[in-house]
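# Architecture at a glance
Listed here are the chains, written in short residue letters.
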Amino acid sequence: MGKVIVVTSGKGGVGKTTSTAALGAALAQGGDKVVVVDFDVGLRNLDLVMGAERRVVYDLVNVIQGEAKLTQALIRDKRVETLYLLPASQTRDKDNLTPEGVEKVIAALKNAFDWVICDSPAGIERGATLAMRHADVAIVVTNPEVSSVRDSDRIIGLLDSKTLKAENGERMEKHLLLTRYDAARAERGDMLKVDDVLEILSIPLLGIIPESTDVLRASNVGAPVTLADNRCAPALAYFEAVRRLKGENLPVTIPGDKRSFLGKIFGRKAA
Amino acid sequence: MNLFRFFSRPQSAPAARERLQVLLAHERASTGDVDLINKLRDEILKAISKHMQVDDEKVTIKMERGAQVSTLAVDIEIPFDAGKKAA
């Protein structure tokens, strides 16, 4: 029986889709069977970040409406054999996502995969609440920036009240993934520090992903950053996050600490 | 090694530009909620199911959208006695 993870944030543009793709690919690169599911009906983008945008035949809404079988809608990654994508619909309305339909699809995916990673849309509306509803674990993606932290706090509240786990009186496992972190700016006092964010949100830290041009490069070519360049700083940070997700007790390092411009060129591996 | 990598890496922006152009050309061309390739997919399946019972599990559909040409591959396993069942 697989584990269901929701990648959520409240705020848009903080790196949910990038992180879903990177974490999913990293897990699959380790041999696990993974499916990444796009819940952003109407504004899908996971297909684009995964490089599968030209291969979408059927989508999540087709499966829920009974117009296609789940196996027909799943797109197998061309680079990693055990990685699959279930795209969202680009043309349908998000009202086509029914709670019963989503429940059925998630149950079927849980049976077939080790990890089911749901990429939540921004906001706190239907799409977002349905994406988190069946999760066993939540990854809250946050930027070290005031509005993102505030929205994450709101999402944490929803995770503790609107999910099946919460309704059954169970505790939802939540992890913080701090993205677009710039150690130099935090050091100068121009950016919230890791400890500031942790103190405010008080959920355990899964990883810190450094602000990096490698992330944009990867999405340009349609590859999760862990596949585009598995030795770049953000990829290493995602690989570490995945080890923690699997239960390993690995201390979190702050990436890119005290690096000069030359250090960036010559010492990329040190990040 | 790292220095070499830094200078030798090809630009990624042209790839992004090209991918977006192909994708958006398809999305803008689609009127209402179905575009041509989706319509073809549905009608091919409908036509086939008129003549035989189509087992959903035995149908594989693959699509590859390109700038000039898109391909739609429908792979259907037809059982020996398929015609009789539908009749």
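Up top you'll find the structure we're talking about.
Model, not experiment: these values are computed from the prediction.

Attention now moves to the overall build of chain A. Scanning chain A from N- to C-terminus turns up 14 helices and 8 strands. Taking 2.2 N^0.38 as the reference for a compact globule, 271 residues should give roughly 18 Å; the C-alpha atoms of chain A span a radius of gyration of 18 Å, in line with that estimate. With respect to the principal axes defined by its C-alpha atoms, chain A has extents near 55 × 40 × 35 Å. With 271 residues in all, chain A has 56% of them scored as buried. For chain A, long-range pairs separated by at least 24 residues make up 75% of all intrachain contacts whose partners lie at least 6 apart in sequence. Per element, the accessible surface of chain A, about 11400 Å² overall, is 48% carbon and sulfur.

Let's shift gears to empty space enclosed by the protein. Residues and elements named next belong to chain A. This model, assessed by the stated rule, comprises 1 cavity of 30 Å³ or more. Looking at the largest cavity, its volume works out to about 30 Å³. Forming the walls of the largest cavity are Thr18, Val49, Val215, Ala218, Ser219, Ala223, Pro224 and Val225. With 3 residues, the top contributor of residues to the lining of the largest cavity is helix H11 (residues 213–221). Residues of the lining of the largest cavity, tallied by class, amount to 6 nonpolar, 2 polar and no charged.

Moving on, we get to the packing of H11 of chain A against helix H2 (residues 13–29) of chain B. Across the interface, H11 of chain A lies against H2 of chain B with an axial gap of 7 Å and an inter-helix angle of 40 degrees. One way to sum up the angle between H11 of chain A and H2 of chain B is to call them oblique. Remark: the crossing between H11 of chain A and H2 of chain B carries left-handed chirality. Taken together, the residues of H2 of chain B that come into contact with H11 of chain A (itself represented by Ser219, Asn220 and Val221 of chain A) are Ala13, Ala15, Ala16 and Arg19 of chain B.

Turning our attention to the interface of chain A and chain B. Between chain A and chain B, the residue contacts involve 26 residues of the former and 31 residues of the latter. The contact between chain A and chain B buries some 2700 Å² in all, and 44% of this surface belongs to carbon and sulfur atoms. Seen at the junction of chain A and chain B, the total is 3 salt bridges. Between Lys78 of chain A and Glu64 of chain B there is a salt bridge, and its shortest N-O distance comes to 3.4 Å.

Quick look at the environment of Pro234 of chain A now. Residue and element names in this part refer to chain A. Inspection of the secondary structure puts Pro234 in helix H13 (residues 233–245). On the basis of relative accessible area, Pro234 is assigned to the buried category, the value being 0%. Note: C-alpha distance between Pro234 and Val80 (154 residues apart in sequence) is 19 Å. When sequence neighbours within four positions are dropped, the list of residues in contact with Pro234 reads Ile209, Pro210, Ser212, Asp214, Val215 and Val225.

A separate point is the nonpolar core. All names here are of chain A. Counting 56 residues, the largest nonpolar core has Val35, Phe39, Leu86, Leu97, Leu109 and Val116 as its most contacted members. It is helix H7 (residues 146–159) that provides the largest number of residues to this core, a total of 5 residues. Core analysis: the second largest hydrophobic core is formed by 38 residues, Val36, Val141, Ile209 and Ala235 among them.

Conventions adopted
- Residues numbered from 1 in each chain as written.
- Chains lettered and ligands numbered in written order.
- Predicted model: local features only at pLDDT ≥ 70, side-chain atom pairs only at ≥ 80, totals over all residues.
- Heavy atoms only, no water.
- Helix = DSSP H or I, 4+ residues; strand = E, 2+ residues; numbered from the N terminus.
- Rg over C-alpha atoms; globule rule 2.2 N^0.38 Å.
- Buried < 20%, exposed > 50% of the residue type's maximum accessible area, 1.4 Å probe, protein only.
- Contact = heavy atoms within 4.5 Å.
- Areas by Shrake-Rupley, 256 points an atom, 1.4 Å probe, with all protein chains shown as cover.
- 1 Å grid on protein atoms, 1.4 Å probe; cavity = no way out; pocket = protein on both sides within 12 Å on 5 of 7 lines; lining within 4 Å.
- Points joined across faces, edges and corners; volume = space filled by probe spheres on them.
- Nonpolar A, V, L, I, M, F, W, Y, C, P; charged D, E, K, R; others polar.
- Axes fitted to C-alpha atoms, helices over the stretch in contact; angles between N-to-C directions.
- Parallel < 35°, antiparallel > 145°, perpendicular 65-115°, else oblique.
- Left-handed = near helix turned anticlockwise from the far one by under 90°.
- Buried area = accessible area lost by both parts, 1.4 Å probe.
- Salt bridge = Lys/Arg side-chain N within 4 Å of Asp/Glu carboxyl O.
- Core = buried A, V, L, I, M, F, W, Y, C linked by side-chain atoms within 4.5 Å.

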